[in-house]
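Each chain, written out:
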Amino acid sequence: FNVPHVLCNSLQDFEAAYVTSQSQKTGCVIEVQPALNFEENVMLHKQIGQDVARAVRDELVSQVKISWCQGGKAEGRNVLVLLHGWMGQKADWKLVSQILMEEGCSILALDLPGHGDTQVADGSWEASALYSMPLLIEVLKQILDQLQLQKVIMVGYSLGGRVAMGFADSYPERCAALMVLSANPGVLTEEERHQRWLLDQRHAKQLTQQTFEAFLDSWYAAPLWAGLKERRPDVYSQMLEKRRQTRPHLAAHSLLGLSLASQPNFRPHLGQRVPFWYVFGELDSKFAEIGKDLAACSSKVHSLPCGHAVVEECPREVADLLLSLVKQLPSPSAPKAKVLQLTAAWTEPIQLLLKAPLLLSRGDLMPQRSGVLLVLQAQVDGAKMAGLGEVTPLPLFHKETLDEAESQLNYILAQWNSRPPKVPFDLGRLDGTLTKWLDQQCTGNLLPSVRAGLEMALLHLLRRAPEGWRRPQRSDVSINSLLARDEDLAADTALVAKFKVGKEPLEDAERTNQLAKLLLEKRPQARLRLDANRSWSLEQAASFINNLDEQALQITEYLEEPVQQSPQLLQHWEVLSEKTERRLAFAVDESLTEGIVSTKDLESCKAPIKALVLKPSLQGLEQTAAMAKWADEHGAVAVLSSAFESGVALCHFALLASMLAPCWAEDVAQGFGTFTRLSEDVLEPPFADLVSVGHKGWQVNIGSCQEALDRSVEALVAARQGTDLVDGPSLAK
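The structure displayed is predicted, hence computed values, not measured ones. (Residues numbered from 1 in each chain as written. Predicted model: local features only at pLDDT ≥ 70, side-chain atom pairs only at ≥ 80, totals over all residues. Heavy atoms only, no water.)

Student: For this particular structure, what's the right way to read the sheet that holds strand β13 (residues 366-380)?
Tutor: One key point about sheets: their strands pair by backbone hydrogen bonds, in either a parallel or an antiparallel sense. Spatially, the four strands line up as an open sheet ordered β14-β13-β12-β15, and their pairing is antiparallel. Either end of the sheet is taken by a strand with one partner, and the two such strands are β14 (383-391) and β15 (422-424). This sheet shows a mean twist of 40° between the axes of neighbouring strands, independent of strand direction. Examined bridge by bridge, strand β12 (residues 339-358) and β15 share three bridges and lie antiparallel to one another. Bridge pairing in β15 places Leu 340 opposite Val 423. (Pairing = 2+ DSSP bridges. Helix = DSSP H or I, 4+ residues; strand = E, 2+ residues; numbered from the N terminus. Axes fitted to C-alpha atoms, helices over the stretch in contact; angles between N-to-C directions.)

The following block contains the structure:
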């Protein structure tokens, strides 16, 4: 079978062979001669068992991609982790979290497995394993590790409260406090446990055998809701609208996998190792009784004037209780100001073959993309790390050529290698300090692609250092597809598609109408973006818009750069909007990047401007962040867009998009669909492998992006002879 075989005569030989096999990540048969004594044999099997258990746990954890959002800018305060109830979603905490953030708190709200946008692998493992409490606790710990949250306030409602108690029980050192709302800490007898299991099985069966609407009516008629439908019809209606987004078969998996029947009784430890608060609705007699029993565990037991749905019925009161909790806790010590010391820097040339030669709006056919990868090595407190960036100017879109970019980059790196600069941690906050630092450390005006590449590598370094980065606000980034003019319009799986127009207006209008029809047949929630690349005259653009049918107009988010470049560009947009009766909103791209218009000009423009399309490789990452902030403040959206870079740059852009997206803002698909044009990738694994297709279309998980960047740069460092190697596993994990 061509599998390596190693014969070992001692425990030491086995350990050496085993470590070698694990480090090389290759299959290997290790045979141990029975020359071990009893103690050595026991130790050997214990080690194997621990390693197998760790491998199984890591594999299971990788099968669950929790969707989360983060918000607030609290300095020196613990983050509140908010967990929803069964059939709920992270948005259930929106009103509470907005009050908390207004008061200076930071929050992290998550969708539990089987709920919201969280994705659980289908078919590879038994649902009982993927939806279990022990696994979910490990997944939550991994998220806190990735976000560098050492200590948090765990807050959970109903099912989420049980998960919060489980996490605090397993990792009390990670919890500054625990607040549980209307949740059961555990059954007390085996008969009660058996009856609960039978009840959960019955409910799971009902979920799949009757209409979901009938199930919801029955579920919310239970006594613990205290007649919510009649008592608070406004709250009930809003809550039911969100519950209808539940996918019944996944809710059934969650109900059984996280059943109270399989949960330990957490009562013995409540209030012993972590400060504990309990909240219940006084109209909910079942949990009011639990609250009275738990008064022995905590003096912080509170009742609210509501039924079981305390978060939905009393968001202000819940927020006030949480604010009171936060104020009673000692503030965590602020991290000391630290700096990274750069130790080495170099570049690696790359060439990316495209699946087919591309004809862009400028220049000749482009068969491949050429550029360089930039590696920066640094250390802090004895820990070594590396950051990866990319410099890949797009011909005729960037003003500089690749040769010019390489020349400037090599000059800068030569200076940095001779006199390595220190990198302050606060450069990762994207507040203008990174731009100032680069201008101080680099001679002359930085070329756009060079600035972007340096920012990527520096931000990657800072993301791998504690407290050295601006935290992302979304776990996942949506991506639009990219349709060229000569493609089969039916071949698309994204929820949002970008379609290139700008040729003959009537033909483009007919193709757009056809595309809209096909997209809606496949995905009723599909959206369309149109890009004319400044190809049309004012009359041609008006002809195109006026020949779009109602279906195309309804799903089109915006038309990008509709008319040819001129000094009166925005005035032409205003005229076009009047000629077409404001049937379409517009988006600005190249005109803003090239300085033809400014954000000040956009403020006075009377045409409907829906989006700013921003290319980080042209504007730089920090400048992109500043423009995205302007867009948010002026009622527009920021759509980050790639320029046929490798997966390295795409991962950086996805991480940037996650940092810029406000926690509760509408999800905006980013313009990273160029990855479909790459025949190969230097990222490990390729960016295409990171993109998933779900009910929200194309999405990429930012944790996967960070891990891919870490893996890719570590491979480059390890392959370079005569340089310091990165120590151990990724510091971001």
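Student: Looking at this structure, how should I read the packing of aromatic side chains?
Tutor: How two aromatic rings sit relative to each other is set out by the distance from centre to centre and by the angle between their planes. If you walk through the whole model with that rule in mind, you get 15 aromatic pairs. Linked through ring pairs, Trp 86, Phe 212, Phe 215 and Trp 219 together constitute an aromatic cluster. (Phe/Tyr/Trp six-rings, centres within 6.5 Å; stacked < 30°, edge-to-face > 60°.)

Student: What am I meant to see in the pairing of β12 here?
Tutor: Every regular strand shows the same layout, with side chains that alternate between the two sheet faces. With 13 bridges joining them, β12 and β13 adopt antiparallel strand pairing. In the strand pairing of β13, Gln 341 is matched with Gln 379.

Student: Looking at this structure, I do not really get the sheet that holds strand β23 (residues 637-640). What am I missing?
Tutor: A sheet is described by the order of its strands in space; here seven strands give the open sequence β17-β18-β19-β20-β21-β22-β23, paired in parallel fashion. The sheet terminates laterally at β17 (481-483) and β23, the two strands that pair on one side only. With direction set aside, neighbouring strand axes in the sheet form an average angle of 30°. Here β17 runs beside strand β18 (residues 496-500); their pairing, made up of three bridges, is parallel. Its bridge partner being in β18, Ser 481 is matched across the sheet by Ala 497. Sheet strands touched by helix α18 (residues 505-522): β17, β18 and β19 (527-531). Its angle to β19, the strand with the most contacts, is close to 155°. (Contact = heavy atoms within 4.5 Å.)

Student: Honestly, the environment of Ala 457 in this entry has me stumped. Any pointers?
Tutor: Its location among the elements puts Ala 457 in helix α17 (residues 448-463). Residue Ala 457 is classed as buried on the basis of its relative accessible area of 0%. It is 35 Å that separates the C-alpha atoms of Ala 457 and Phe 167, two residues lying 290 residues apart in sequence. (Buried < 20%, exposed > 50% of the residue type's maximum accessible area, 1.4 Å probe, protein only.)

Student: I would appreciate a short explanation of helix α21 (residues 569-579) in the present structure.
Tutor: Since there are 3.6 residues in each turn of an α-helix, residues three or four apart along the chain are aligned in direction. For α21, the set of buried residues is Leu 569, Leu 570, Trp 573, Leu 576 and Ser 577. What you see down the axis of α21 is that its buried residues fit within an arc of 110°, all on one side. Positive phi appears at Glu 581, one or two residues downstream of α21, with a value of about 60°. (Arc of directions from axis to C-beta.)

Student: So what exactly am I meant to see when it comes to the side chain of Gln 473 here?
Tutor: Looking at where Gln 473 falls in the secondary structure, it is placed in the loop between α17 and β16 (476-479). By relative accessible area, Gln 473 is classed as buried at 18%. In this structure the side chain of Gln 473 is engaged in a polar contact, spanning 3.4 Å, whose partner is the backbone oxygen of Ala 661. (Polar contact = N/O pair within 3.5 Å; in protein donor to acceptor, adjacent residues only side chain to side chain.)

Student: I would appreciate a short explanation of the packing of helix α7 (residues 190-209) against helix α8 (residues 212-219) in the present structure.
Tutor: Describing two packed helices takes the angle between their axes plus the distance from one axis to the other. At a closest axis distance of 8 Å, the pairing of α7 and α8 adopts a crossing angle of 145°. In contact with His 203, Gln 206 and Leu 207 of α7, α8 contributes Phe 212, Phe 215 and Trp 219. Across the contact of α7 with α8, the residue classes tally to four nonpolar, two polar and no charged. (Nonpolar A, V, L, I, M, F, W, Y, C, P; charged D, E, K, R; others polar.)

Student: Even after reading the chapter, I still don't get the environment of Gln 540, so can you show me in this structure?
Tutor: Tracing the backbone shows Gln 540 in helix α19 (residues 538-546). As for Gln 540 and Leu 7, which are separated by 533 residues in sequence, their C-alpha atoms are 77 Å apart. Residue contacts for Gln 540: discarding those within four places in its chain leaves Pro 505 and Ser 535.

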